[in-house]
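# Understanding the architecture of this molecule
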Amino acid sequence: MWRVQLHKINYDEREYQAVKEVLDSGWLTISERTHSFEEAFSNFLGHDSKCLAVSSATAALHMALLACLPDAGKNDEIITPALTFIADQNVSRIAGIKNVLADISSVKDDWSVDSGDIEARITPNTKAVMIVHYAGFACDMARITALCRKHGLILIEDCAHTPGADYLAEDGSRQSLGTFGDAAAFSFFANKNIAAGEGGMVVTRNPELFAKLKGLRSHGMSVPSFDRYKGRAVSYDVEAPGLNYRINEISSALGLVQLEKLQEANEKRKKLVEHYYNRLDDVPFVSIPYRRFSRGKPNYHIMPILLSEKTDRAKVIESMKQDGVQTSIHYPAINRFSAYKEIVNSAPKAEYVSAHELTLPLYPEMTIEEVDIVCDALIKCRY
């Protein structure tokens, strides 16, 4: 058993009751709870966001690519982050678009994708840019949106880490992450700030794009299954080819409760991270990204640190495991995966971080005492 595990779900009686109500209703696929979740999430993001709940963030990213680039060909390119979960590259490959990796801004402080490196990677074949707000810290959205407008590129935000985080503009205004691009994808996987087990949300502010996404979610059918179940329709048309990327009512019910708890949960994460900072600031073989700056309000999705070059990460992981502390890595280098060895463009800063990053436990119900257990286990490592 772990003394401190990497993540725990933040559930109480409200989640259990929400699931019971769904089961008692006798209907498990998209209906009133999903529509309520979509409306609540749209209001939460603001900025005229239109939201569709789907089966995962990966589904949301795939739908966004299919809707934004319906005519993409094998010579077309998309610039994706070199430091991210593999879903960004997977959906691009499946959509038939070539991945070009963009490096992060700096090894020590800023692991967000570098706007300058994005621009350096643009070619006549570039059709889109996909970014990830790593760990819930905003990318440089002023520069990224400007260069996408300048070059006429689609912008897709991978917001798997970001519910509750925002961007602070130079004029003092704030804008929710996920409302800058042509489309955005949120995740409700079990370890996310909104945890529904599985599920995601695809977001756009474009009404025409929203209509395309709605068709893609459910086989292109003109009438949803719930309307037929209720007798409001007998049959349906298929208006365009689509997929089955529907969320279920249980996940939507959990998502609604988690959304209500999000602000408080993120505040708890912040206090825990600040204690991590206090304990680890003077540890010589550890540095912490985003420690001295941010471009807005983060949501502290994970607690990443960078081990020194001389520190043996594998030995640190094993030592902490022996002390009952679970850790992880966010993320292995993309071009080290068997399926992506053909990606040859260099992203040296991201590759360095991939080789030396370690993720420490973080979740809303974690205690200060548990943070101390983690830090004590880490600090004693001298590998």
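Before going into details, it helps to say that this report is about the structure given with it.

Analysis parameters
- By convention here, each chain's residues receive numbers from 1 onward along its written sequence.
- In view of the model being predicted, local features appear only for residues whose pLDDT reaches at least 70, and side-chain atom pairs are presented and counted only at 80 or more, with totals across whole chains, interfaces and linings using the full set of residues.
- Calculation of side-chain values draws on the structure's entire complement of heavy atoms; hydrogens and water are dropped beforehand.
- Points on a 1 Å grid over protein atoms alone make up a cavity when a 1.4 Å probe fits among them but cannot get out, and a pocket when they form an open set with protein on both sides within 12 Å along at least five of seven lines; lining residues each have an atom within 4 Å of a point.
- Grid points are joined across faces, edges and corners, and a volume is the space filled by probe spheres set on the points.
- Helix numbers and strand numbers start at the N terminus; a helix is a DSSP run of H or I with at least 4 residues, a strand a run of E with at least 2.
- Under the scheme applied here, a residue whose accessible area is under 20% of the maximum for its type counts as buried, over 50% as exposed, and between as partly exposed, the area being computed with a 1.4 Å probe on protein chains only.
- Within this document, salt bridges are pairs made up of a side-chain nitrogen of Lys or Arg and a carboxyl oxygen of Asp or Glu, the two lying within 4 Å of each other.
- When two rings of Phe, Tyr or Trp (its six-membered ring) have centres within 6.5 Å they constitute a pair, described as stacked for plane angles under 30 degrees, edge-to-face for angles over 60, and tilted for the intermediate range.

## Regarding empty space enclosed by the protein
Taken as a whole and assessed by the stated rule, the structure comprises three cavities of 30 Å³ or more. By volume, the largest cavity amounts to about 50 Å³. Every residue lining the largest cavity is listed: Phe 137, Val 273, Tyr 277, Ile 288, Pro 289, Tyr 300, Ile 302, Met 303 and Pro 304. Put simply, the parts of the chain that give the lining of the largest cavity at least two residues each are α9 (249-280) and β11 (303-307). Here the second largest cavity is characterised by a volume of approximately 40 Å³.

## Focus: helix α4 (residues 87-94)
Along an α-helix, a turn takes 3.6 residues, which lines up residues three or four apart on a common side. Within α4 the residues assigned to the buried category are Ala 87, Asp 88, Gln 89, Val 91 and Ser 92. Gly 96 occupies a position one or two residues after α4 and carries a positive phi of about 85 degrees.

## Here's the deal with the pattern of salt bridges
Side chains carrying opposite charge are able to pair once their charged atoms draw close together. Considering all chains together, one arrives at 18 salt bridges under this definition. Residue Asp 12 pairs with Arg 14 through a salt bridge whose shortest N-O separation is 2.8 Å. Relative accessible area serves as the criterion here: at 27%, Asp 12 is assigned to the partly exposed category. We classify Arg 14 as partly exposed; its relative accessible area is 43%. Ionic pairing is found between Asp 166 and Arg 174, a salt bridge with its closest N-O pair at 3.0 Å. For Arg 174, a relative accessible area of 47% translates into the label partly exposed. One network of salt bridges, with partners in common, ties together Asp 12, Arg 14, Glu 15 and Lys 261.

## Looking at the packing of aromatic side chains
In this description, a pair of aromatic rings is defined by centroid distance and the angle of the planes. Taken as a whole and assessed by the stated rule, the structure comprises twelve aromatic pairs. For the pair Phe 41 and Phe 188, a centre-to-centre distance of 5.7 Å together with 75 degrees between the ring planes defines the contact as edge-to-face. With Phe 41 in helix α2 (residues 32-45) and Phe 188 in the loop between β8 (183-187) and β9 (200-204), the pair connects residues that are 147 residues apart, well separated along the chain. By relative accessible area, Phe 188 is classed as buried at 0%.

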